[in-house]
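Each chain is listed here by its residues.
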Amino acid sequence: MLTSSSAMPAGISLRPAIFGDQPFLETLYRSARPDLQFIDGPPELVETVIAQQYAVHAQGTGEEYPNAMHFIIEKTQTAIGALVVDFGHNEVRVIYVAFILAARGFGYGKAILRGVQQAASTAQCPVAVVVWHNNPGAKRIYLELGFQVEETQLMADRMVWYPGKPQLP
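**Student:** Kindly report on the packing of helix α1 (residues 22-32) against helix α2 (residues 43-64), identifying the contributing residues and their values.
**Tutor:** Each packed pair of helices is defined by two parameters, the angle between the axes and the distance between the axes. Running from amino to carboxyl end, α1 crosses α2 at an angle of 110°, the nearest separation of the two axes being 10 Å. On the basis of the axis angle, α1 is roughly perpendicular to α2. The handedness of the crossing between α1 and α2 is right-handed. Across the interface between the two elements, Gln22, Leu25, Glu26, Tyr29 and Arg30 from α1 touch Glu47, Ile50, Gln53, Tyr54 and His57 from α2. Of the residues belonging to the contact of α1 with α2, the class tally is four nonpolar, three polar and three charged.

**Student:** Talk me through the sheet that holds strand β4 (residues 92-99); I want residue IDs and the actual numbers.
**Tutor:** Within a sheet, adjacent strands bond to each other through the backbone by hydrogen bonds, running parallel or antiparallel. Here we have seven strands laid out as an open sheet, ordered β1-β2-β3-β4-β5-β7-β6, and mixed in their pairing. Two strands lie at the open edges of the sheet, namely β1 (12-16) and β6 (148-152), each paired on one side alone. Averaged over all pairs of adjacent strands, the angle between strand axes in this sheet comes to 30°, irrespective of strand direction. In terms of strand pairing, strand β2 (residues 69-75) meets strand β3 (residues 78-87) through seven bridges, oriented antiparallel.

**Student:** Tell me about a nonpolar patch on the surface, residues and numbers included.
**Tutor:** Taken together, Val130, Trp132, Leu154 and Met155 make up a surface patch of nonpolar side chains, about 480 Å² in accessible area. With respect to the secondary-structure elements, tryptophan 132 resides in strand β5 (residues 127-132).

**Student:** Provide a residue-level description of the pairing of β2, including the pertinent values.
**Tutor:** Bridge count between β1 and β2: five bridges; the pairing is antiparallel. Bridge pairing links arginine 15 to isoleucine 72 in β2. Counted along the chain from β2 to the antiparallel partner β3, the turn is two residues long, and its residue threonine 76 has a positive phi close to 45°.

**Student:** Give a detailed account of the environment of glutamate 150, specifying residues and quantitative values.
**Tutor:** Within the fold, glutamate 150 resides in strand β6. Classification of glutamate 150 as partly exposed rests on a relative accessible area of 42%. For the pair glutamate 150 and tryptophan 161, spaced 11 residues apart in sequence, the C-alpha separation works out to 9.7 Å. Look past the residues within four positions of glutamate 150 in its chain and what remains in contact with it is Arg158, Met159, Val160 and Tyr162. In terms of polar contacts, glutamate 150 uses its side chain to reach the side chain of tyrosine 162, at 2.8 Å.

**Student:** How would you sum up the layout of surface pockets? Please name residues and give values.
**Tutor:** Size it by volume and the largest pocket reaches roughly 1600 Å³. Residue lining of the largest pocket: 43 residues in total, with Tyr96, Val97, Val130, Trp132 and Asn135 positioned closest to the centre. Only α1, α2, β4, α3 (108-122), β5 and α4 (136-144) provide two or more residues apiece to the lining of the largest pocket. Looking at the lining of the largest pocket element by element, the count peaks at seven residues for β4.

**Student:** Account for the nonpolar core, with residues named and values stated.
**Tutor:** If you look at the biggest cluster of nonpolar residues, it comprises 26 residues, and the most contacted ones within it are Ile73, Leu83, Val94, Val127, Tyr142 and Phe147. Secondary structure elements with two or more residues in this core: β1, β2, β3, β4, α3, β5, α4 and β7 (156-161). Among the elements that line this core, the one with the most residues is α3, at five residues. Once you skip the residues sitting within four places of it in the chain, isoleucine 73 turns out to touch Ile12, Ser13, Leu14, Thr78, Ala79, Ile80, Gly81, Ala82, Leu83, Val97, Phe99 and Ile112. Counting residues in each nonpolar core, the second largest holds 16 residues, with Leu25, Tyr65, Ala68 and Ile72 among its members.

Rules of the game
Residues numbered from 1 in each chain as written. Predicted model: local features only at pLDDT ≥ 70, side-chain atom pairs only at ≥ 80, totals over all residues. Heavy atoms only, no water. Axes fitted to C-alpha atoms, helices over the stretch in contact; angles between N-to-C directions. Helix = DSSP H or I, 4+ residues; strand = E, 2+ residues; numbered from the N terminus. Parallel < 35°, antiparallel > 145°, perpendicular 65-115°, else oblique. Left-handed = near helix turned anticlockwise from the far one by under 90°. Contact = heavy atoms within 4.5 Å. Nonpolar A, V, L, I, M, F, W, Y, C, P; charged D, E, K, R; others polar. Pairing = 2+ DSSP bridges. Patch = residues over 30% accessible without salt bridge, like charges linked within 9 Å, V, L, I, M, F, W, Y side chains within 5 Å. Areas by Shrake-Rupley, 256 points an atom, 1.4 Å probe, with all protein chains shown as cover. Salt bridge = Lys/Arg side-chain N within 4 Å of Asp/Glu carboxyl O. Buried < 20%, exposed > 50% of the residue type's maximum accessible area, 1.4 Å probe, protein only. Polar contact = N/O pair within 3.5 Å; in protein donor to acceptor, adjacent residues only side chain to side chain. 1 Å grid on protein atoms, 1.4 Å probe; cavity = no way out; pocket = protein on both sides within 12 Å on 5 of 7 lines; lining within 4 Å. Points joined across faces, edges and corners; volume = space filled by probe spheres on them. Core = buried A, V, L, I, M, F, W, Y, C linked by side-chain atoms within 4.5 Å.

Okay, structure coming up:
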């Protein structure tokens, strides 16, 4: 259902992540967190902090969402991004979606999220995501897809999409 290519742009597909994807996922995380490059300190410290943040991210996702599905997003069989999604009891949670810099701005993220919405619609389940305030581009995409801000916190908004509600093209 989620890995179906019917809703994806030409050449875009999802596949389950495997252990061999770790180097790509670490590099992807680094590119998705440019804020960590601005740490004031020697390069070794910056590298240590980035590695620690990635470890916390991976461990936290595993502990909080042990049944989450981890996907690699590919364009013509080359890894360009990652998606982590959890099909829970009351909602589908988009935990993480990121693309390499060269794959951003082509609508691939929207296509992937539409696929998540399609899967959630089949299950008649809302889709929830947490969007950091320092990522206005992501928030704009979620709003375009019909997500609504349901809760605002100091650092992020919780946004939800409900099946059956009209969404923008």
